[in-house]
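# Remarks on the overall topology
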Amino acid sequence: MKLPRLVVSAACALTVSAATVVAAAASASAATTNYVALGDSYSSGTGTGSYDLDSACQRSSKAYPAKWAASHSPASFTFAACAGAKTGDVLNNQLGSLSSSTSLVSITIGGNDAGFSSVMQTCVLSSDSSCVSAVNTAKNFADTQLPGLLNNVYASIRSKAPNAHVVVLDYPHLYITNDSGCIGMSHTKHVALNSAADELDTVIGKAAANAGFTFADVRGQFSGHELCSGDNWLNSVTLPIGNSYHPTATGHASGYLPVFSGKTALAAAALRSPQRRDPPGAGATAMDYHERLPPEVAELFPDGGAGRTLSVTLPSGYVVWPDPGYPQHQPPKRPAFWISDDPVPCALWPRLRAETHASGLWPVMLEDTTQPWSTGQIAPEPIDEIGNYDAAAFMAEVWSEWDEPAADITPFGRYSPGLAPPGERREDPDTLAGRCVEVLTGRPLGLVPVTRGADALTAMGWQGARHHNPWTAPLSAVVRSWEDRFGARLIGIGFNTLELSVAAPPMTFRHALHVAAEHWTFCPEIILQGPGTLEGHAEQICGSSLWTFWWE
């Protein structure tokens, strides 16, 4: 069934029950929350310009932990994060306030261990080659030595605060991808530094998942607000020099704080859900809720789900294998995804999404049809393939194939206009997705062994756009780009349809028109079977918090 885009968008905007539940749960839990903020300068508030709470550790009331505490009024708040901290400093100096009564912990750590302060100094003062070399050294440390250091810290936190919900936050990209005209460091250095952040964040995310902690990725929230964006949420080289390359007060208020708040709110709602499992007995701790994956779900992973946990009780379901008789890109080695036997309550989606980094599973509401799910009409591809494609290059290639487009693509002509600039985040993408998913009632639940919604299309081998593009990986690359630029989240998949929530949609007609050009190359049918013009489609998606696509 094709849902009218304007109707869907309105439903998403007006369906507030899930958000109300989340907000109410968060508010109710705050009064009994004992919160401890740990970590380095990205948590203490270095770069905000005001160290009114502790000048030695550069703790600021403008930092996200203090701002969260100010707005939520927890029962207690201990601000232990300190500028310059490494993992050893956290172990030796910051864990004294943790106890069995601690119910919430936040932490950023790892950047100083990997030596990124000296890396930045090298990149600012030295050549491209010296910068790249320093970055590679730091990345090697992050890959080989940092995991063990993080494991020690996380294990100590869990030991001292067995009942706490621990949120591990990472580091944003420093520079915008499209940095043409940016003065200062070269494009080569910008790319190298962003790749270092990606490497560091990947290691942190895996370690957090292994510990059963909640991972909060801030890169998407900072998208469009990196250095050279024109709306920076980060300090460039400034005085005092220690403030350089740290979030500004706006970076904490609009970057870190919404991401952290979204994770705490989702967790509060999940813990109060009637579907939550009862504790296994007296003296149970928070870790007792993090059980191993059910065997049928663990089968989705090549390692059998080792180290992955899931506290949510799943309904009955089954795994879906690709049909060997259906054209495959490669011989299937394992099932592609899990699907529930029956439709599930939409409230299950945000609970599962909150545990993605612990479970390694992305939840998606699947259209209630026989094809392609139970028939296995899927063709999975390795998610590593996604990295071989570039969203802008895909757009340009598809655009060049149309000598005479079937739709009115005014005001654009023969050449692709390229990717649209990022949108402005209006709320946490996962919180919005948890609300928008309520328009997809009456659907079974799917679980895909990936941690990004965009990757689910490739991993499960969805073939809904096959007549437009026989490979799914380039489509996943486009959706990844939308995740980064528009806070998109994949929430629904049908036989030939997709639904994405959008936390940073275009808010002006001009911006929407540019995005409409991307939609045209991604899914021509929404123009051809819809308004027939890019301008008409732009009017429909301007301000819309849900994008829907369908293919013939």
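Not measured: the values here are computed from a predicted model.

Turning our attention to the overall build of the protein. Secondary structure assignment for the protein yields 21 helices and 14 strands. Within the protein, the proportion of its 552 residues that are buried is 57%. Counting only contacts in the protein whose residues sit at least 6 apart along the sequence, the fraction spanning at least 24 positions is 75%. Accessible area of the protein: about 21300 Å², with a carbon and sulfur share of 52%.

The relative placement of two packed helices is expressed as an angle between their axes plus a distance between the axes. Contact pair helix 6 (residues 116-125) / helix 9 (residues 187-211): the axes reach a minimum separation of 11 Å and the direction vectors enclose 170°. One finds that helix 6 runs roughly antiparallel with respect to helix 9. Only Lys189, Leu193, Ala196 and Leu200 of helix 9 make contact with helix 6, whose side of the interface consists of Phe116, Val119, Met120 and Cys123. A per-class count over the contact of helix 6 with helix 9 returns seven nonpolar, no polar and one charged.

On to the state of the cysteines. Under the defined criterion, the tally for this structure stands at two disulfides. Put simply, cysteine 57 and cysteine 82 are joined by a disulfide, and their sulfur atoms are 2.0 Å apart. In this structure the cystine formed by cysteine 57 and cysteine 82 twists about its S-S bond by roughly -85°; its chirality is therefore left-handed. Placement of the pair is cysteine 57 in the loop between helix 3 (41-44) and helix 4 (64-72) and cysteine 82 in the loop between strand 2 (76-79) and helix 5 (87-94), with a sequence separation of 25 residues. Per residue, the accessibility class of cysteine 57 equals that of cysteine 82, and both read buried. In this model, cysteine 123 is linked to cysteine 131 through a disulfide, with the two sulfur atoms separated by 2.0 Å. Residues cysteine 123 and cysteine 131 share a disulfide whose torsion about the S-S bond is about 80°; that sign makes it right-handed.

Tracing the backbone through its elements, the reader meets tyrosine 171 in the loop between strand 4 (165-169) and helix 9. Here the alpha-carbon distance between tyrosine 171 and glycine 110, two residues 61 residues apart in the chain, equals 9.6 Å. Every residue in contact with tyrosine 171, bar those within four places of it in the chain, is listed here: Asp40, Tyr42, Thr108, Ile109, Gly110, Gly111, Leu200, Asp201, Ile204, Val218, Arg219 and Tyr256.

What follows deals with the sheet that holds strand 3 (residues 104-108). Reading across the sheet, the five strands line up as 2-1-3-4-5 and stay open at both edges, with parallel pairing between neighbours. At either end of the open sheet lies a strand with only one pairing partner, and these are strand 2 and strand 5 (214-216). Going across the sheet, the axis of each strand differs from the next one's by a mean of 20°, ignoring polarity. In the packing of helix 4 onto the sheet, the strands contacted are strand 1 (34-39), strand 2, strand 3 and strand 4, and the crossing angle to strand 2 comes to about 170°. Packed on one face of the sheet, helix 9 meets strand 4 and strand 5 and runs near 160° to strand 5.

Attention now moves to the side chain of threonine 248. As for its placement among the helices and strands, threonine 248 is situated in the loop between helix 10 (219-222) and helix 11 (249-271). Residue threonine 248 is classed as buried on the basis of its relative accessible area, which comes to 16%.

To continue, consider a nonpolar patch on the surface. On the surface, Val124, Leu125, Val237 and Ile241 cluster together into a nonpolar patch covering about 380 Å² of accessible area. Relative to the helices and strands, isoleucine 241 resides in the loop between helix 10 and helix 11. A relative accessible area of 56% means that isoleucine 241 is categorised as exposed.

This part takes up helix 17 (residues 453-460). In terms of burial, helix 17 is largely enclosed, as eight of its eight residues are buried. Burial in helix 17 covers these residues: Gly453, Ala454, Asp455, Ala456, Leu457, Thr458, Ala459 and Met460. Against strand 9 (337-343), strand 10 (362-366), strand 11 (444-448), helix 18 (473-486), strand 12 (488-493) and strand 13 (497-502) lie the buried residues of helix 17. Looking one or two residues beyond helix 17, the residue adopting positive phi is glycine 461, at roughly 75°.

So, about the sheet that holds strand 14 (residues 546-550). Within a sheet, neighbouring strands are paired by backbone hydrogen bonds and run either parallel or antiparallel to one another. Spatially, 8-9-11-10-12-13-14 is the arrangement adopted by the seven strands of the open sheet, whose pairing is mixed. Of all the strands in the sheet, just strand 8 (317-320) and strand 14 have a single pairing partner and so form its edges. Taking the axes of each pair of neighbouring strands and ignoring which way they run, one obtains an average angle of 30° across the sheet. As paired strands, strand 10 and strand 11 are joined by four bridges and run antiparallel to one another.

The next thing to look at is the confidence of the model for the protein. In the predicted model, the protein carries a mean pLDDT of 84, and the fraction of residues at 70 or more is 87%. A low-confidence stretch, residues 1-28 stays under pLDDT 50, and its non-local contacts, those more than four residues away or across chains, total 46 contacts. In this model residues 269-290 is a low-confidence stretch, pLDDT under 50, and it forms 40 contacts with partners more than four residues away in sequence or in other chains.

Quick look at the packing of aromatic side chains now. Inspection of the entire model under this criterion finds 22 aromatic pairs. Between tyrosine 42 and tyrosine 256, the aromatic rings sit 6.4 Å apart at their centres with planes inclined by 65°, giving edge-to-face as the arrangement. Of this pair, tyrosine 42 sits in helix 3 while tyrosine 256 sits in helix 11, and the two are 214 residues apart along the sequence. Residue class for tyrosine 256 comes out buried when judged on its relative accessible area of 0%. Feature note: the residues Tyr35, Tyr42, Tyr64, Trp68, Phe77, Phe79, Tyr171, Phe222, Trp233, Tyr256 and Phe260 constitute an aromatic cluster, connected by ring pairs.

Procedures and definitions
Residues numbered from 1 in each chain as written. Predicted model: local features only at pLDDT ≥ 70, side-chain atom pairs only at ≥ 80, totals over all residues. Heavy atoms only, no water. Helix = DSSP H or I, 4+ residues; strand = E, 2+ residues; numbered from the N terminus. Buried < 20%, exposed > 50% of the residue type's maximum accessible area, 1.4 Å probe, protein only. Contact = heavy atoms within 4.5 Å. Areas by Shrake-Rupley, 256 points an atom, 1.4 Å probe, with all protein chains shown as cover. Axes fitted to C-alpha atoms, helices over the stretch in contact; angles between N-to-C directions. Parallel < 35°, antiparallel > 145°, perpendicular 65-115°, else oblique. Nonpolar A, V, L, I, M, F, W, Y, C, P; charged D, E, K, R; others polar. Disulfide = S-S within 2.5 Å. Pairing = 2+ DSSP bridges. Patch = residues over 30% accessible without salt bridge, like charges linked within 9 Å, V, L, I, M, F, W, Y side chains within 5 Å. Salt bridge = Lys/Arg side-chain N within 4 Å of Asp/Glu carboxyl O. pLDDT = per-residue confidence, 0-100. Phe/Tyr/Trp six-rings, centres within 6.5 Å; stacked < 30°, edge-to-face > 60°.

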